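As a plain string of letters, each chain reads:
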Amino acid sequence: MMQSHGYAGHSATTPLTPFSFERRDPKDKDVVVEILYSGVCHSDIHSVRNEWKNAVYPMVPGHEIVGRVTAVGKEVSRFKAGDTVGVGVIVDSCRTCPSCKNNEEQYCDNGATLTYGVKDKYGDVTYGGYSNNIVVDEHFVHSVKETKNLAGVAPLLCSGITTYSPLRHWKVGPGMKVGIVGLGGLGHMGLKFAHSFGAHVVQFTTSESKIEDAKQLGADEVVISKDPAAMRKQASSFDFILDTVSAPHNINALLQLLKRDATYAQVGLPDTPPTLFMGDLIFKRRNMSGSIIGGMKETQEMLDYCAVKGITADIEMIRMEQINEAFERVVKADVKYRFVIDMASLKK
Ligand code: NAP
Ligand code: ZN
Ligand code: ZN
């Protein structure tokens, strides 16, 4: 077994603390990655605090991983030692079901294996990126172009693909009016992508302090979602809205902003279900949908698109021991716009 160390949560209510553990020795198709940077996703907090009621402890969170390959199994064809790579939210899937065959491994009919907190096919619990290394089948490893800002690339592995995929799926582009709800880790990437794809983008936020940033990040308009008059001005005018909010909020007030037949896509996953007035769907034949990350092919496409366009996440770098403080700040929507852990801090 390979020795690893990182930070783990041991219960829903206690802080993350240093944790040593073992990972499998690399099998023929496995890539061993030394982790350089790990993004802090709100899903890590929902998971560690058992807000989704499926926590397995000890839990090493982290699914926005960038690192360097240190070894490969003998059947690995796409990577060699020294390569810069990324690992995201899933590390395995059945590879045979219709979803997997269609490059949509995230919707695997047999259940994709999450990067942390689940049992994998070997019977081991998966441990994520808040650690010094990881062992992953090469199918779930992505090639990352070398850049001085590798830390800003890490969040693309979840917040990037989670917003890129639905914006592509619903064909966001020129001539469309698109709303992004919530300016956090996911929201700021959704804003960058929707702007980059040529849409007219309206950022919805509850934080007045983020208005200027939203404009800098590409918003054509910014609406304070708590202001009913400002919301009414936008009624029935949107072709597509992407909701990235992590907590319960008024979805009906946002549904009313869609045109007839337009789509509301949910990626934020609050722990309690919303109360919805169905009239806001019925009277304009509006669609309510959702989306989870993206497939492996599309994740690579997104990383390549970002490399060409110079798109990275806006980050605040932290040391591993600052993680509990960072969690508190994410919950208060006080991060601009993603924390990334410098894994070199684990060594010291
Ligand atoms: P985040 O950085 O905390 O951003 C969430 C944003 O939502 C906040 O910055 C805030 O934006 C807004 N917000 C927070 N509380 C609110 C409230 N009570 N009412 C209205 N707005 C509120 O979180 P994240 O990492 O982007 O993740 C967002 C959600 O997506 C989480 O639930 C996460 O689990 C989920 N997620 C889903 C997927 C997927 O594949 N579907 C992938 C990753 C994450 P403003 O300050 O602008 O209002
Ligand atoms: Zn995530
Ligand atoms: Zn499958």
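Here the residue index of a chain counts from 1 through its sequence in written order. By the order in which they are written, chains take letters starting at A while ligands take numbers starting at 1. Selection of residues for local features in this predicted model requires a pLDDT of at least 70, selection of side-chain atom pairs for listing and counting requires 80 or more, and totals for whole chains, interfaces and linings are taken over all residues. For the side-chain quantities, the full set of heavy atoms in the structure was used; hydrogens and water were omitted.

Draft legend 1. Representation of the environment of I211 in the model. Along the chain, I211 falls in helix α6 (residues 211–217). A 1.4 Å probe rolled over the protein chains alone gives each residue an accessible area, and that area as a share of the maximum for its type sets the label: buried under 20%, exposed over 50%, partly exposed in between. Its relative accessible area of 24% is what places I211 among the partly exposed residues. On a C-alpha basis, the gap between I211 and G88 in space is 30 Å, while along the polypeptide they are 123 residues apart. By definition in these notes, contact holds between two residues if any of their heavy atoms fall within 4.5 Å. Ignoring any residue separated from it by four or fewer positions in sequence, one finds I211 in contact with V222 and I224. Only runs of H or I of at least four residues qualify as helices and only runs of E of at least two qualify as strands under DSSP, and these elements are numbered from the N terminus.

Draft legend 2. Structural detail: helix α5 (residues 185–196). A rise of 1.5 Å per residue sets the reference length of α5, with its 12 residues, at 16 Å; its end C-alpha atoms lie 17 Å apart and thus fit the reference within 8%. Of all 12 residues in α5, 10 are buried, a share of seventy percent or more. Turning to α5, its buried residues number three or more, namely G185, L186, G187, H188, M189, G190, L191, K192, F193 and A194. Residues of α5 that are buried in the fold lie against α4 (159–169), β10 (177–181), β11 (200–205), α6, α10 (296–309) and β17 (338–342). The positive-phi residue at the C-terminal boundary of α5 is G198, with phi of around 95 degrees. By this rule, a helix spans an expected 1.5 Å times one less than how many residues it contains.

Draft legend 3. Focus on the domain arrangement of the protein chain. Split into domains, the protein chain comes out as domain 1 (2–157 + 314–347) and domain 2 (160–290). Using only C-alpha atoms to locate each centre, domain 1 and domain 2 end up separated by 28 Å. In this assembly, 12 residues from domain 1 lie in contact with 17 residues from domain 2. Approximately 1,300 Å² of surface area, both sides summed, lies buried where domain 1 meets domain 2, with 52% of it carried by carbon and sulfur atoms. A per-residue breakdown of the area domain 1 buries against domain 2 is headed by L156, D314 and Y337, which together make up 43% of the total. Whenever Lys or Arg places a side-chain nitrogen within 4 Å of a carboxyl oxygen from Asp or Glu, that contact is recorded as a salt bridge. For the pair domain 1 and domain 2, the number of links is 2 salt bridges. The closest approach of N and O atoms between K192 and D314, which form a salt bridge, is 2.6 Å. Delimitation of the domains relies on an automatic or database domain assignment. Buried area: the sum, over both parts, of the accessible surface (1.4 Å probe) that disappears when the two are put together.

Draft legend 4. Seen up close, the coordination of the zinc ion (ligand 3). Counted as coordinating are nitrogen, oxygen and sulfur atoms within 2.8 Å of the metal, or 3.2 Å for Na, K and Ca, while water is not included, which may make sites look incomplete. Summarising the metal site, the zinc ion (ligand 3) is bound by the protein donors C94 (SG), C97 (SG), C100 (SG) and C108 (SG), whose distances to it range over 2.3 to 2.4 Å. Around the zinc ion (ligand 3) sit 4 donor atoms, and with donor-metal-donor angles ranging over 103 to 120 degrees the site reads as tetrahedral. Each donor residue of the zinc ion (ligand 3) lies on one chain, and together they are spaced C-x2-C-x2-C-x7-C. With C97 in the loop between β6 (90–92) and α2 (98–101) and C108 in the loop between α2 and β7 (113–114), this pair connects stretches of sequence that are 11 residues apart. The class for C97 is buried, based on a relative accessible area of 6%. For a four-donor site, all angles between 85 and 135 degrees give tetrahedral; for four or six donors, opposite pairs above 155 degrees with the remaining angles between 65 and 115 give square planar or octahedral; all remaining cases count as irregular.

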